[in-house]
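Residues per chain, in single letters:
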Amino acid sequence: MANSLLDRSFAQECDAADPLARFRDRFVRDDPSLIYLDGNSLGMLPVATAERIGKVVRGGWGRGLIRSWDHWVDLPRRVGDLLGHHLLGAAPGQLTVCDNTTVNLYKLARAALGARPGRGVIVTDDDNFPTDRYVLAGIAAERGADLRMIHTDIDHGVSVETVGAAVDADTALVCLSHVAYRSGAIADMAQITRIAHDRGALVLWDLCHSAGAVPVDLDGCGADLAVGCTYKYLNAGPGAPAFLYVRNDLQGQLHQPVQGWFGQRDQFTMGPAYDPVPGIGRFMTGTPDIVATAAVAEGVSLLAEAGIEALRDKGMRLTDYLIGLSDAWLAPLGFSIASPRDAASRGSHVCLHHPEAGRLCDALMEVGVIGDYRTPDRLRLGPAPITSRFTDVWDAADTIRRMAGGEEVTRPRSTSGWTAIAPGQGGVSGTPAGVPGTPGGRDGELDGAGGTRSDRVPACSFCGQVPGPHQKILAGRDAHICDACAVLAASLLSTAGQATTATTTATAAMVKLDSHAVGQRCGFCGKPFYQVAGLAAAGDARICVECLELCQEVFAEEPS
């Protein structure tokens, strides 16, 4: 890398060399200008998932009706095996997709406590995710057990030593998160599991912030039980079903407390008494959500194609980059890192501590930089390896520093996905896929994967001109515009300002689209007409008021 990490060109170089960049266009992006760093709360929608759901609904439900249960009935276990094989290090027959994380946690924790008669202690930590603590407290009260809450440093996570001091001969179950929801700290699964086993206890791992971002080796660690959600890094959608893992040799020993008919042997005999099916199926409850489970299948398949090691490598580099920018730009403004600095000890998100973190989080969302807030005073940023770019991280950090420094920020300065082409230039390398002039764009003006633009220079989509001695071109996702046409388009869409006669003559076909713009979209940001203040058009090219304003910023920043 020839450029300083503080220069945006460094991030562009990283993106150009990213082996996972090819997956970016396989996700729905209705607002290409959005900087989304909250994939650890809700992953983006894969294009294939929308198509798969349509097929399940129209074909399986619409045409097949009840006949489709012949191939639906074992879908949760098939998807569980897919998840186990590619992402969680589990052999077949130990994972199934069902219910939600809270319900699965209850089922497995309650079963584990029952499998250790004479032991009445459940161990967890005070920084565990709230639903975990609530469920465990409820089980302890229900069973007359003792919930032993160990103290955890909220920035550095649970330590092996603290767990070792808390687990004893009275402990039935240890329940912890593999990756801490607040700081991203990774617990030592293998060593903690070994400590619990040495003292006769079972271990239940929460993998919500691990699955799809951090390699997990459930079988290799000798893990007993695990649960996790699928709507974060697995990109299965809001409220998508969770998963649970039960080690093979434990399945027959554990009594499932929620005795539903999908866990029943010969379920369609409608027998008078509950008789659980052998294997992982006994941990099912009621009828599974087939549409949502199909979404899980698509998300897992996408990550399996990318490869968990490649995802982990990029996640570590993205978060390292964010920490580096924070040290340089944000630390002087009162920010501190509230996550482990060692990438090997950290998942795929970073917390930034600042007294005004809550206010900043809301303000960032207003300008299209999406993270989230966690108490106390933490801005949590989660660049998902399969969808996030290094330029997203740079743009977010730049926006935060300008905002925290008192600058009035109405939108991120960066034109992520756009390229300004100055006179005499063939373009800028590293332009993201999907922009005209890239392998995934309209004009095919980039040669190969290296991102080097050929001698062919894109013309303005509005007037047909190419960059001249005093003119630049801005390339958007589906259109190009020169600075002269930007002036004219602005005059069409505002009451103030008049274009020059020469410019007007050169672009006489440019018009303003109003009520007849149904179905039209801006060729730069992709927003439909009803989401913008107006569209200027010439031929097939469209540009909105907001993008025109951003054009002026870009042209002003580029050397003439």
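The structure this text deals with has already been given above.
What counts, and at which threshold
Within each chain, residue numbers correspond to sequence positions counted from 1 in written order. Note on the predicted model: pLDDT of at least 70 is required for a residue's local features to be given, and 80 or more for side-chain atom pairs to be given and counted; whole-chain, interface and lining totals, by contrast, use all residues. The side-chain numbers reported here are obtained from all heavy atoms of the structure, hydrogens and water having been left aside. Only DSSP runs of H or I covering at least 4 residues are called helices, and only runs of E covering at least 2 are called strands; the numbering of each starts at the N terminus. By the convention used here, residues are in contact when the closest approach between their heavy atoms is within 4.5 Å. Cavity and pocket criteria rest on a 1 Å grid covering protein atoms alone: a 1.4 Å probe that fits but cannot get out defines a cavity, protein on both sides within 12 Å along at least 5 of 7 lines defines an open pocket, and an atom within 4 Å of a point defines a lining residue. Grid points are joined across faces, edges and corners, and a volume is the space filled by probe spheres set on the points. Any residue that is not Ala, Val, Leu, Ile, Met, Phe, Trp, Tyr, Cys, Pro, Asp, Glu, Lys or Arg is counted as polar, Gly included; the first ten are nonpolar and the last four charged. Between any two strands, at least two bridges found by DSSP are needed for them to pair. What counts as an axis is a line fitted to C-alpha atoms, over the stretch in contact for a helix, and the angles between N-to-C directions run from 0 to 180 degrees.

## Here's the deal with the environment of Arg-29
- With respect to the element layout, Arg-29 can be found in the loop between helix 1 (8-16) and strand 1 (35-36).
- Note: C-alpha distance between Arg-29 and Gly-526 (497 residues apart in sequence) is 8.8 Å.
- Every residue in contact with Arg-29, bar those within four places of it in the chain, is listed here: Arg-24, Met-44, Thr-387 and Arg-477.

## A few points about empty space enclosed by the protein
- Following the criterion strictly, the structure yields two cavities of 30 Å³ or more and no others.
- By volume, the largest cavity amounts to about 90 Å³.
- As for the largest cavity, its lining consists of 14 residues, and the residues nearest its centre are Asp-125, Asp-127, Val-158, Ser-177 and Ala-180.
- Among the residues forming the lining of the largest cavity, the class breakdown is seven nonpolar, five polar and two charged.
- By volume, the second largest cavity is sized at about 50 Å³.
- Around the second largest cavity sit Gly-39, Gly-43, Gly-212, Lys-232, Tyr-233, Asn-235, Leu-303, Leu-311, Ala-384, Pro-385 and Ile-386, which together line it.

## Observations regarding the sheet that holds strand 6 (residues 202-206)
- One open sheet accounts for seven strands, arranged 2-8-7-6-5-3-4; its pairing is mixed. Bordering the open sheet on either side are strand 2 (95-98) and strand 4 (146-150), each of which pairs with just one other strand. Taken pair by pair, the neighbouring strands of this sheet meet at an average axis angle of 20°, ignoring direction.
- Relative to strand 5 (residues 171-177), strand 3 (residues 121-125) runs parallel, the two sharing three bridges. Bridge pairing in strand 5 links Ile-122 to Leu-173.

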